[in-house]
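Residues per chain are reported as follows:
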Amino acid sequence: MEIRGYNMPEDLYYEQNHFWVRDEGDVLVMGMDDFAQILAGEIVYVQLPEEGKILKAGKRFAKMESGKWLGKVYAPVNGELVAVNEELETNPGLINDDCYGKGWMYKIKPEDKGELDNLMHTHEELDTWLAEDIEKYVKE
Amino acid sequence: MEAKYNFADRFGDQVLRCSKCGLCQAVCPVFGAMLRPSYSARGKMLILKEVMDGTIELSDELIETLFQCTICKSCFENCPSGVDVPEIIRQTRRDMVQIGSCHPAFEGMNEVLKNHTNIYAEDEPEDFERERNKKAKYVYFIGCVGSYREDEATMSTLDLLDRLKVDYTLIDEVCCSGVLEDLGYQINERLARKNIDLILATGAKAVITGCPYCSRTFNSKPQYAELNDKGIKIIHVTQFLKGMDFGVKTDKLVTYHDPCDLGRHCGIYEEPREIVRKIAPRFVELRHNRVDALCCGAGGGVRGAYPKNSIAMARRRLQEVEEVGADVVLTECNSCVHNLSNAKLRKQKFRIYNISQFINELMEGTE
């Protein structure tokens, strides 16, 4: 689904810092959305914490960096980090190449999948949010 | 006759003195990671000789080669002909900026510092939960990387200063802008003035810097000479901590990475080792150490302009940490900590710290 020029798949949930979450049953997969990867430019570093790390919704648990930008990664839900995409260690540019596929970042075992409802999901929510962030961050 | 470019006027004799022996190539971190002869100091001197001969011109096509140098000074230290490649590169970059050929990242950094207080154009500085601009015996000057990229390391260093009951203050510091001289530009006078005024207002007798590059800039650049004229000493945090007793030790195997800005550029090799040996009886040197230390790849604007190559250089350095089997690698430069930490692979289980951060964690009981 394209919204305001950005690829924002409709089956995903989005948190306000432009990370997406995909429901894959027992685990949630997380990555960076198209808006953020375009804005950040070439990603050169992604912190990959050890599996088992306990995540608290809204708290920072990792950092990432492009040549010009330092990003903080916040937990979208409460849960446990159960996997990281080790490919990103030597090829963080996968996020730019395929942010919803090979560029996935983390897998989280949620405490309560109901917390997905706190994230943005509907077309209307995404459209309003993107319009605001385009205004705020995208330079003509 | 006046040469076409200033580098030829100022350093032409040195460019011609290069005997093409290649000793610099063997120690060049850029060559070591990229394996392209034109990236080494010898390659750069060959190109500049051609520019002097008039067979090629300085132009955008040479940006990739001439702007890819970390100014680590290894080449100079190993050159039997005494060719001061870092200074030649700085001058050549100035010449290139003058003709409008500059790496966009370098140009961007110069522009950023015209309108912002730091190289990252960050608008919200970390407050480090401390009062700023108060009267104190010392000013602690953090630097851009410590303020905006390695804030946890900086917080730890500040906690250590508190534990040691040091009478210090932070100031509303702005970038020292020394790095601009590596990129082909000049120190930003407005930023220098602001730092000097803020430092003088505290009544401090000395400035302790966390960043060795800031230390070097304050100590050696005419724009900051007023500090020296007014009797204010500039000391790197390792010089400040040397001789102190911390009352803690680690039984871990510890090694030390010499930052280029502290080591080859300032000649500070023993102070950090004295501190490290005191807290880590099991100390081991890296294969390349002191004047031969391998650059982490972050300097000279390379981290900003060529981040992937910069990280590749840091990975070479971390291989040396693996070789000695250290549990902990210490350094005292936030740029080095940042680049080495970004480069560390998950399978590499050692930890990377600034010395001051590590001591604080030992005292805190968290390491």
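Predicted, not measured: the structure shown is a model, and the values here were computed from it.

1. Observations concerning the overall build of chain B
Thinking step 1. Counting secondary structure elements, chain B contains 19 helices and eight strands.
Thinking step 2. The C-alpha atoms of chain B give 20 Å as radius of gyration, which agrees with the globular expectation for 367 residues (21 Å, within 12%).
Thinking step 3. With the principal axes as the frame, chain B shows a C-alpha extent of 60 × 45 × 30 Å.
Thinking step 4. Counting only residues that meet the buried cut, chain B has 60% of its 367 residues in that class.
Thinking step 5. About 14600 Å² of surface is accessible on chain B, with carbon and sulfur atoms providing 48% of the total.

2. Considering the overall build of chain A
Thinking step 1. Across its full length, chain A holds four helices and 11 strands.
Thinking step 2. The C-alpha radius of gyration computed for chain A amounts to 14 Å, which stays within 12% of the reference 14 Å derived for 140 residues, consistent with globular compactness.
Thinking step 3. For chain A, the C-alpha atoms occupy an extent of roughly 40 × 35 × 25 Å along the three principal directions.
Thinking step 4. Looking at chain A as a whole, 49% of its 140 residues qualify as buried.
Thinking step 5. Counting only contacts in chain A whose residues sit at least 6 apart along the sequence, the fraction spanning at least 24 positions is 63%.
Thinking step 6. Working note: accessible area of chain A is about 7000 Å², and carbon and sulfur atoms make up 42% of it.
Thinking step 7. A gap of 7 Å separates the mean positions of the 15 positive and 30 negative side-chain charges of chain A.

3. Focus on the sheet that holds strand E11 (residues 106–110) of chain A
All names here are of chain A.
Thinking step 1. The strand order across the open sheet formed by six strands is E3-E4-E5-E11-E10-E7, and the pairing between neighbours is antiparallel. Looking at strand neighbours, the two that pair on one side only are strand E3 (13–15) and strand E7 (54–55), the edges of this open sheet.
Thinking step 2. Note that E7 and strand E10 (residues 79–84) share two bridges and pair antiparallel. Bridged to Ile54 within E10 is Glu80.

4. Observations concerning the interface of chain A and chain B
Thinking step 1. The interface of chain A with chain B comprises 18 residues on the first partner and 16 residues on the second.
Thinking step 2. Of the roughly 1400 Å² buried at the junction of chain A and chain B (both faces included), carbon and sulfur atoms supply 38%.
Thinking step 3. Looking only at chain A, the three residues that lose the most surface to chain B are A:Val44, A:Tyr45 and A:Glu89, adding up to 35% of its buried area.
Thinking step 4. For the pair chain A and chain B, the interface holds seven salt bridges.
Thinking step 5. Note that A:Glu51 is salt-bridged to B:Arg346, the shortest N-O span being 3.0 Å.
Thinking step 6. Where chain A touches chain B, the interface holds 10 residue pairs in polar contact (both at pLDDT 80 or more).
Thinking step 7. Mapped by element, the contributors of at least two residues to the side of chain A that touches chain B are strand E6 (43–46), strand E8 (60–66) and helix H2 (87–90) of chain A.
Thinking step 8. The leading source of residues in the side of chain A that touches chain B is E8(A), at three residues.
Thinking step 9. Here the side of chain A that touches chain B is composed, by residue class, of seven nonpolar, two polar and nine charged.

5. Some details on the domain arrangement of chain B
All names here are of chain B.
Thinking step 1. When the domains of chain B are assigned, the result is domain 1 (6–102), domain 2 (138–241) and domain 3 (254–364).
Thinking step 2. For domain 2 and domain 3, the distance between their C-alpha centroids amounts to 21 Å.
Thinking step 3. With 23 residues of domain 2 at the contact, the number on the domain 3 side is 26 residues.
Thinking step 4. Taking both sides of the interface into account, the surface hidden between domain 2 and domain 3 amounts to around 2100 Å²; carbon and sulfur atoms contribute 61%.
Thinking step 5. On the domain 2 side of the interface with domain 3, the three residues burying the most area are Arg163, Arg216 and Thr238, jointly 25% of the side's total.
Thinking step 6. Here domain 2 is connected to domain 3 by two salt bridges.
Thinking step 7. Here Arg163 and Glu364 are joined by a salt bridge, their closest N and O atoms 3.3 Å apart.
Thinking step 8. Looking at the side of domain 2 that touches domain 3, the elements with two or more residues in it are helix H9 (144–148), helix H10 (151–163), helix H12 (212–220) and helix H14 (237–241).
Thinking step 9. Ranked by residues supplied to the side of domain 2 that touches domain 3, first place goes to H10 with seven residues.
Thinking step 10. Looking at the side of domain 2 that touches domain 3 residue by residue, the class counts come to nine nonpolar, eight polar and six charged.

6. Some points on the pairing of E8(A)
All names here are of chain A.
Thinking step 1. Counting buried positions over the seven residues of E8 gives six, a clear majority of the element.
Thinking step 2. By the bridge criterion, five bridges tie E8 to strand E9 (residues 70–74) in an arrangement that is antiparallel. For Arg60, the partnering residue across the bridge sits in E9 and is Tyr74.
Thinking step 3. Between E8 and the antiparallel strand that follows it, E9, lie three residues.

7. A few points about the sheet that holds strand E8 (residues 351–354) of chain B
Residue and element names in this part refer to chain B.
Thinking step 1. In space, the four strands of this open sheet follow the order E6-E5-E7-E8, with parallel pairing throughout. Every interior strand has two partners, whereas the edge strands, strand E6 (283–284) and E8, have only one.
Thinking step 2. As paired strands, strand E5 (residues 254–256) and E6 are joined by two bridges and run parallel to one another. When the bridges of E6 are listed, Val254 appears paired with Phe283.

8. As for the packing of H10(B) against helix H19 (residues 355–364) of chain B
Residue and element names in this part refer to chain B.
Thinking step 1. Contact geometry of H10 with H19 gives a least axis separation of 8 Å together with a crossing angle of 60 degrees. For the element pair H10 / H19, the angle class is oblique. In the packing of H10 onto H19, the handedness of the crossing is left-handed. Here Ala153, Ser156, Thr157, Asp159, Leu160 and Arg163 of H10 come into contact with H19, specifically with Ser356, Gln357, Ile359, Asn360, Glu361, Met363 and Glu364.

9. Topic: the packing of aromatic side chains
Thinking step 1. A full pass over the atoms with the stated rule returns 11 aromatic pairs over all chains.
Thinking step 2. Between the aromatic rings of B:Phe67 and B:Phe106, the centroid separation amounts to 5.2 Å while the plane-to-plane angle is 55 degrees, which identifies the pairing as tilted. Taken together, the positions of B:Phe67 in the loop between helix H5 (63–66) and helix H6 (74–78) and B:Phe106 in helix H8 (residues 104–115) put the pair 39 residues apart, joining distant regions of the chain.
Thinking step 3. According to the relative accessible area criterion, B:Phe106 is buried, its value standing at 1%.
Thinking step 4. Joined through ring pairs, the aromatic side chains of B:Phe141, B:Phe218 and B:Tyr224 make up one cluster.
Thinking step 5. Its guanidinium or amino end placed over the ring of A:Trp104, A:Lys107 lies 4.9 Å from that ring's centre, counting from NZ or CZ.

10. Side note on the pairing of E11(A)
Residues and elements named next belong to chain A.
Thinking step 1. Alternating positions in E11 separate cleanly, Tyr106, Ile108 and Pro110 being buried on one face and Lys107 and Lys109 remaining unburied on the opposite face.
Thinking step 2. Of the pairings in the sheet, the one linking strand E5 (residues 27–32) to E11 comprises three bridges and is antiparallel in character. The partner of Met30 across the bridge, within E11, is Tyr106.
Thinking step 3. As paired strands, E10 and E11 are joined by five bridges and run antiparallel to one another. Paired with Val84 across the two strands is Tyr106, which belongs to E11.

What counts, and at which threshold
Residues numbered from 1 in each chain as written. Chains lettered and ligands numbered in written order. Predicted model: local features only at pLDDT ≥ 70, side-chain atom pairs only at ≥ 80, totals over all residues. Heavy atoms only, no water. Helix = DSSP H or I, 4+ residues; strand = E, 2+ residues; numbered from the N terminus. Rg over C-alpha atoms; globule rule 2.2 N^0.38 Å. Buried < 20%, exposed > 50% of the residue type's maximum accessible area, 1.4 Å probe, protein only. Areas by Shrake-Rupley, 256 points an atom, 1.4 Å probe, with all protein chains shown as cover. Contact = heavy atoms within 4.5 Å. Lys, Arg positive; Asp, Glu negative; His and termini not counted. Charge placed at Lys NZ, Arg CZ, Asp CG, Glu CD. Pairing = 2+ DSSP bridges. Buried area = accessible area lost by both parts, 1.4 Å probe. Salt bridge = Lys/Arg side-chain N within 4 Å of Asp/Glu carboxyl O. Polar contact = N/O pair within 3.5 Å; in protein donor to acceptor, adjacent residues only side chain to side chain. Nonpolar A, V, L, I, M, F, W, Y, C, P; charged D, E, K, R; others polar. Domains from an automatic or database assignment. Axes fitted to C-alpha atoms, helices over the stretch in contact; angles between N-to-C directions. Parallel < 35°, antiparallel > 145°, perpendicular 65-115°, else oblique. Left-handed = near helix turned anticlockwise from the far one by under 90°. Phe/Tyr/Trp six-rings, centres within 6.5 Å; stacked < 30°, edge-to-face > 60°. Lys NZ or Arg CZ within 6 Å of the ring centre and 35° of its normal.

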